[in-house]
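# Topology and contacts: notes
Listed below, chain by chain, are the residues.
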4 protein chains.
Amino acid sequence: MVAKQGHNSGAEGQLRALVSRVERIEEEITGLNADKADVYREARGMGFDVKALRQCMSERKQDPEAFHERRSIVDLYHSILRGKSGTAVATRVRTREGGDT
Amino acid sequence: MVAKQGHNSGAEGQLRALVSRVERIEEEITGLNADKADVYREARGMGFDVKALRQCMSERKQDPEAFHERRSIVDLYHSILRGKSGTAVATRVRTREGGDT
Amino acid sequence: MVAKQGHNSGAEGQLRALVSRVERIEEEITGLNADKADVYREARGMGFDVKALRQCMSERKQDPEAFHERRSIVDLYHSILRGKSGTAVATRVRTREGGDT
Amino acid sequence: MVAKQGHNSGAEGQLRALVSRVERIEEEITGLNADKADVYREARGMGFDVKALRQCMSERKQDPEAFHERRSIVDLYHSILRGKSGTAVATRVRTREGGDT
DNA sequence: ACAGAATCGAAAGTAC
DNA sequence: GTACTTTCGATTCTGT
């Protein structure tokens, strides 16, 4: 127990400080999100496909190796579900190796 | 080992079955969400405050005891942040009991 | 004014009915989500790559044409950002057709 | 080279600029979120109830008037659903004034 | 270290 | 068409 009854104002000051810090941070984040929205709005105004742009950027965040690995598995699943499963393709339906990262 | 080259079709069938099940489930969920939206639309049409209603229902999901406990802590924090902290109130600023779950 | 003072109990009954209906629906949804989680758990247990599976299923929800369209734009953006933009590729950087959807 | 078919090499530069700006913004946001998480971690370390704290802060974002209005309606709904509706309470079950937003 | 929970960001649908 | 609300997926953190 940090403070006796009637005198843990220290905790109150801490609470206020904590809240101030978080609110400050959240304001900044809000502003940045607004900036981001502006950029996307500009992009749309320039004729870019914003949704594709987002997808592109999210793919850029993954390292390329993992991305291609994932992509090939997804395509394999697609081919199976389309009923096109050949024998070659079938050899690695099961990932069996740590699977997802 | 059931499958080697050219014969783990079992895995393929399993994949298809899995996907079917999930897609079926998601269809049902979609339908139920539509139903829910309908009910809220009705509620609004009857003059209810839908936002308050949602909040009310979400509070009902918490067990009442935990809800009141949480509520009193939240109100305590409010009073401190408003600068109204009396000494009485201050006695339990710190939760000190495992805190949140 | 829908109801006289002290006599809009009808509204109360309506409120209860509305809440019951929504809660019923939400229970069902919760159950179905649990089922879905179970299926994915099974899938993982069978050695499938759940993340790839999710991606595959979400792609299946889009119609194939739009999907390939989107995919090609994304790839175009990738190629530009990698600095590989040739003139051929550059010809359709801008979507310029009201975009999709 | 600058101008040929389509002459939209400019579009490529624009795309890169757009992407840079967004990626820069997202880095900053990521950093700020990390800061926020740190603050909450501190708060927890000091014995505060982080979940209550979050709720408190989210309530602070609403203007107090609207908050109390909302709160009273929510409580009214609670009382009705608990079956405690007296006639006094019942007088304003229906909001009837555009209500939310 | 893995399963689970919770929080956060993105996307879709809807209301105005 | 814009803005908002809700829903979904993904990531992160905690507990075992």
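Residues numbered from 1 in each chain as written. Chains lettered and ligands numbered in written order. Predicted model: local features only at pLDDT ≥ 70, side-chain atom pairs only at ≥ 80, totals over all residues. Heavy atoms only, no water.

## Details of the protein's contact with DNA strand E
What counts, and what does not: Working definition: residue near molecule or strand if any one of its non-hydrogen atoms lies within 4 Å of it. Under this definition, polar contacts are N or O atom pairs within 3.5 Å; protein pairs additionally need one hydrogen-donor-capable and one acceptor-capable atom, and for neighbouring residues in sequence, both atoms have to be side-chain atoms. Here a helix means four or more residues in a row that DSSP labels H or I, a strand means two or more in a row labelled E, and each is numbered from the N terminus. Charged residues are taken to be Asp, Glu, Lys and Arg, nonpolar residues to be Ala, Val, Leu, Ile, Met, Phe, Trp, Tyr, Cys and Pro, and polar residues to be all remaining types, Gly included.
For DNA strand E, the full set of nearby residues is Lys36(A), Lys51(A), Arg54(A), Arg41(B), Arg44(B), Arg41(C), Arg44(C), Glu26(D), Asn33(D), Lys36(D) and Arg54(D). When the atoms of DNA strand E within 4 Å of the protein are grouped by moiety, sugar and phosphate amount to 100% of the total. In this structure, Arg54(A) approaches DNA strand E through a side-chain N or O atom, which is 3.2 Å from a phosphate oxygen. Among the elements of the structure, helix 2 (50–61) of chain A, helix 1 (9–45) of chain B, helix 1 (9–45) of chain C together with helix 1 (9–45) of chain D are those that each provide at least two residues to the surface near DNA strand E. When residues in the surface near DNA strand E are grouped by element, the largest group, three residues, is from helix 1 of chain D. In the surface near DNA strand E, the residues fall into no nonpolar, one polar and ten charged.

## Observations concerning the environment of Glu26(C)
To keep things clear, this is the line we draw: A contact between two residues is defined here by any heavy atoms of the two lying within 4.5 Å.
Along the chain, Glu26(C) falls in helix 1. Those residues in contact with Glu26(C), other than ones at most four positions away along the chain, are Lys36(B) and Lys61(B).

## Let's talk about the protein's contact with DNA strand F
In the vicinity of DNA strand F, the residues found are Asn33(B), Lys36(B), Lys51(B), Arg54(B), Lys36(C), Lys51(C), Arg54(C), Arg41(D) and Arg44(D). Of all atoms in DNA strand F that approach within 4 Å of the protein, 100% are sugar or phosphate atoms. Within the side chain of Arg41(D), an N or O atom sits 3.0 Å from a phosphate oxygen of DNA strand F. Split by residue class, the surface near DNA strand F holds no nonpolar, one polar and eight charged.

## Considerations on the interface of chain C and chain B
The condition is simple: When two parts are brought into contact, each loses some accessible area as probed by a 1.4 Å sphere; the total of that loss over both is the buried area. Any Lys or Arg side-chain nitrogen located within 4 Å of an Asp or Glu carboxyl oxygen qualifies as a salt bridge.
With 26 residues of chain C at the contact, the number on the chain B side is 26 residues. Buried surface at the junction of chain C and chain B, both sides included, amounts to about 2600 Å², of which 74% is carbon and sulfur. The largest share of the area that chain C buries against chain B comes from Leu18(C), Leu32(C) and Val39(C), three residues that together contribute 20% of it. Where chain C touches chain B, the interface holds eight salt bridges. With its nearest N and O atoms 3.2 Å apart, the salt bridge here joins Glu23(B) to Arg60(C). Applying the counting criterion to the chain C and chain B interface returns eight residue pairs in polar contact (both at pLDDT 80 or more). Looking at which element gives the most residues to the side of chain C that touches chain B, the answer is helix 1 of chain C, with 20 residues.

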